[in-house]
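Residue-level structure breakdown
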Amino acid sequence: IVNIARWECMPCRRGFQTAYGYISGNIDYMTHKLIDTQDFYSCEEDEDKMKWSILPNKTGQYSMELYTSRIKDIVANHDADKPLFMMYNMQAIHSPFFAPESYFSPECTDIANGSCVMQAMLNSAEISISEVIEAYKAKGMWDNTLLVVMSDNGAPQSRFTSNFPLRGWKNELFEGGVRTPAFLYSANPDILVPRGRTSCYVHVTDWYSSLIRWTGGWEALVELSKERKSQIEQLDSIDQSRYLFTGENSTCPRREMLLNIDPVGNLAGYIRDDFKALFGQMDGLLDNCKIGHNYTFYEDCVNWSVTRLYNITSDPFETTDLSQTHPDVLEELQGRVVDYLKEMGPLECTLPIVDGAFPTDEVNFFLPFDFSSEGFIPDWATYAQDPPSFH
């Protein structure tokens with residue numbers, strides 16, 4: 001949750017003209033609270049300032065319907081001749097598991113049945129995206145739109161979820177945690193050339209460069225000075241637009257990716273071509289940072305004594321460990337992890353105890369951790385409405 005760290009990380013300070021939602025996680029779909037703390041807000045860019053509002057008056061309204069309504073309003077009031085980038089991070093089907101009874105399917109109406117609840121949440125997500133598409137069509141924008149749908153991680157372990165036949169869960173580096181479905185769609189073949197299914201690697205960072213190229217490239221956005229070109233060349237993001245969108249490139253642009261280096265749990269994962277190497281103990285929940293402790297990235301911060309190697313092309317279910325039969329491949333991938341370790345600084349686990357951070361007993365809503373009661377809000381932030389009342 002990037003935007004809870006600092007004011008500068010809020011969406012309206014990172015290029016978005018507006019944002020709407022929450023900054024913590026797992027908020028209640030109806031009260032919009034995390035436990036007993038309010039967390040529902042909107043913000044908008046205003047030249048060099050940011051207007052923001054806490055939205056307690058939305059309590060009692062199903063959040064998925066609020067997001068849908070907000071998007072429909074934005075589309076309806078948008079100039080159809082101008083570009084529009086819309087990022088919709090749907091809350092459903094994330095925990096806490098809940099949906100109003102109107103979303104339950106006729107064949108699965110038991111609100112105490114977890115599977116029925118999950119299905120109802122998925123129904124709400126499908127209805128939401130359907131209404132959004134209809135809004136684009138009504139505005140005459142759908143035939144000039146590219147739809148990108150993706151997931152951030154695999155399902156968490158519960159009685160009602162499954163990543164089968166893939167192994168593992170959310171927060172794990174097995175394929176069930178990191179290999180997620182995604183698809184592209186456009187009603188206009190001039191925007192997207194249909195190419196069917198692909199098994200090429202696409203890292204989440206790749207959407208950044210790919211979408212920028214698809215919409216005209218960096219040169220259409222900024223003046224490309226020598227310094228700017230150097231910064232672009234150093235991005236982890238790989239431009240996959242000629243492969244994903246136009247079909248001009250039939251070769252997979254990405255051959256390898258770092259999955260993670262975790263100095264807290266002492267584990268790492270790396271993929272190159274057909275092979276995936278895992279280092280450290282992968283089973284069980286990841287360890288949490290100890291508040292105030294710095295975890296240094298150095299070669300021995302990974303447990304190299306526990307290894308796994310899989311050919312995820314021929315064995316995507318990770319059933320056969322090849323670390324003993326392919327030690328040269330394992331050594332090569334370990335070397336790539338070490339290369340990354342040499343470039344990384346310490347991981348500091350200090351943000352949750354920043355002085356003046358909220359919520360507190362007096363201020364019962366979430367705000368970025370560098371929010372201070374002394375200054376109340378930064379000079380460049382203003383209220384779009386009266387400040388929320390304190391307890």
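Described in the following lines is the structure provided in the data block.

Definitions and limits used
Residues numbered from 1 in each chain as written. Predicted model: local features only at pLDDT ≥ 70, side-chain atom pairs only at ≥ 80, totals over all residues. Heavy atoms only, no water. Pairing = 2+ DSSP bridges. Helix = DSSP H or I, 4+ residues; strand = E, 2+ residues; numbered from the N terminus. Axes fitted to C-alpha atoms, helices over the stretch in contact; angles between N-to-C directions. Contact = heavy atoms within 4.5 Å. Parallel < 35°, antiparallel > 145°, perpendicular 65-115°, else oblique. Nonpolar A, V, L, I, M, F, W, Y, C, P; charged D, E, K, R; others polar. Salt bridge = Lys/Arg side-chain N within 4 Å of Asp/Glu carboxyl O. Buried < 20%, exposed > 50% of the residue type's maximum accessible area, 1.4 Å probe, protein only. Disulfide = S-S within 2.5 Å. Phe/Tyr/Trp six-rings, centres within 6.5 Å; stacked < 30°, edge-to-face > 60°. Lys NZ or Arg CZ within 6 Å of the ring centre and 35° of its normal.

A few words on the sheet that holds strand β9 (residues 267–272). The 4 strands are arranged β8-β9-β10-β12 in an open sheet whose pairing can be described as antiparallel. Both edges of this open sheet fall to β8 (256–262) and β12 (307–311), since each of them pairs with a single strand only. Here the strands of the sheet are splayed against their neighbours by 10° on average, with no regard to which way each runs. Bridge count for β9 against strand β10 (residues 275–279) is 5 bridges, and the pairing is antiparallel. Bridge pairing links tyrosine 270 to alanine 277 in β10. Lying on the sheet, helix α7 (residues 327–341) is in contact with β8, β9, β10 and β12; it crosses β10 at an angle near 65°.

The contact between helix α1 (residues 63–76) and helix α2 (residues 114–139) brings their axes to 9 Å, and the two run at 10°. If you check the angle between α1 and α2, you find them roughly parallel. Within the contact between the two elements, α1 uses Met64, Thr68, Ile71, Lys72, Val75 and Ala76 and α2 uses Ser124, Ala125, Ser128, Glu131, Val132, Ala135, Tyr136 and Lys139. Grouping the amino acids of the contact of α1 with α2 by side-chain chemistry returns 8 nonpolar, 3 polar and 3 charged.

Now for the pattern of salt bridges. Tallied over the entire structure, the rule returns 13 salt bridges. Residue arginine 242 pairs with glutamate 248 through a salt bridge whose shortest N-O separation is 3.7 Å. Given a relative accessible area of 43%, arginine 242 falls into the partly exposed group.

Within the secondary structure, glutamine 38 is located in strand β3 (residues 37–38). Beyond its immediate sequence surroundings of up to four residues, glutamine 38 is in contact with Thr31, His32, Lys33, Ile54, Leu55, Pro56, Thr59, Asn364, Phe365 and Phe366.

Scanning the entire structure with this criterion turns up 3 disulfides. Across the disulfide from cysteine 12 sits cysteine 43; the S-S distance is 2.3 Å. Since a negative S-S torsion denotes a left-handed disulfide, the cysteine 12-cysteine 43 link at about 90° is right-handed. Taken as a pair, cysteine 12 in the segment before β1 (18–21) and cysteine 43 in strand β4 (residues 41–46) lie far apart in primary sequence, 31 residues in all. Each of the two residues, cysteine 12 as well as cysteine 43, counts as buried. Linked covalently through their sulfurs, cysteine 200 and cysteine 252 form a disulfide whose S-S length is 1.7 Å.

Let us now look at the environment of proline 181. Mapping proline 181 onto the fold places it in the loop between α3 (175–178) and β7 (182–185). A sequence separation of 29 residues divides proline 181 from aspartate 152, and the C-alpha atoms of the two residues are 9.2 Å apart. Once residues lying within four places of it in the same chain are set aside, the contact partners of proline 181 are Val149, Met150 and Ser151.

It is worth spelling out unusual backbone geometry at this point. A negative phi angle characterises most non-glycine residues, just as the trans form characterises most peptide bonds. Following alanine 92, the chain continues to isoleucine 93 via a peptide bond in cis, the omega torsion being 15°. Relative to the assigned elements, isoleucine 93 resides in the loop between α1 and α2. The amide bond that connects phenylalanine 164 to the next residue, proline 165, takes the cis arrangement and shows omega of 10°. With respect to the secondary-structure elements, proline 165 resides in the loop between β6 (147–150) and α3. Phi angles above zero are rare outside glycine, and isoleucine 35 is one such case at about 60°. Classification of isoleucine 35 by relative accessible area gives exposed; the value is 74%. Non-glycine residue asparagine 171 carries a positive phi angle of around 75°. Relative to the assigned elements, asparagine 171 resides in the loop between β6 and α3.

One pair of aromatic rings is described through two measures. These are the centre distance and the angle between the planes. Summed over all chains, the structure comprises 13 aromatic pairs. Judged by centre distance (5.5 Å) and plane angle (40°), the rings of tyrosine 62 and tyrosine 103 are tilted. Highlighted residues: tyrosine 62 in the loop between β5 (49–54) and α1 and tyrosine 103 in the loop between α1 and α2, separated in sequence by 41 residues. Comparing tyrosine 62 with tyrosine 103, the two get one shared label, buried. Members of the aromatic cluster, joined through ring pairs, are Tyr29, Tyr62, Phe98 and Tyr103. In this arrangement the basic side chain of arginine 167 is found over the ring face of phenylalanine 174, its NZ or CZ atom lying 4.1 Å from the centre. One cation-aromatic arrangement involves arginine 195 over tyrosine 243; the distance from NZ or CZ to the ring centre is 3.9 Å.

Put simply, side chains in a regular strand alternate between the two faces of the sheet. For β8, the buried fraction is high: 5 of the 7 residues fall into the buried class. Bridging between β8 and β9 involves 6 bridges; their strand directions are antiparallel. Bridging from a neighbouring strand, aspartate 262 pairs with leucine 267 of β9. Connecting β8 to the antiparallel partner β9 that follows it, the hairpin turn spans 4 residues, and asparagine 266 within it adopts a positive phi of roughly 60°.

Remember, this is a structural readout, not a statement about activity or role.
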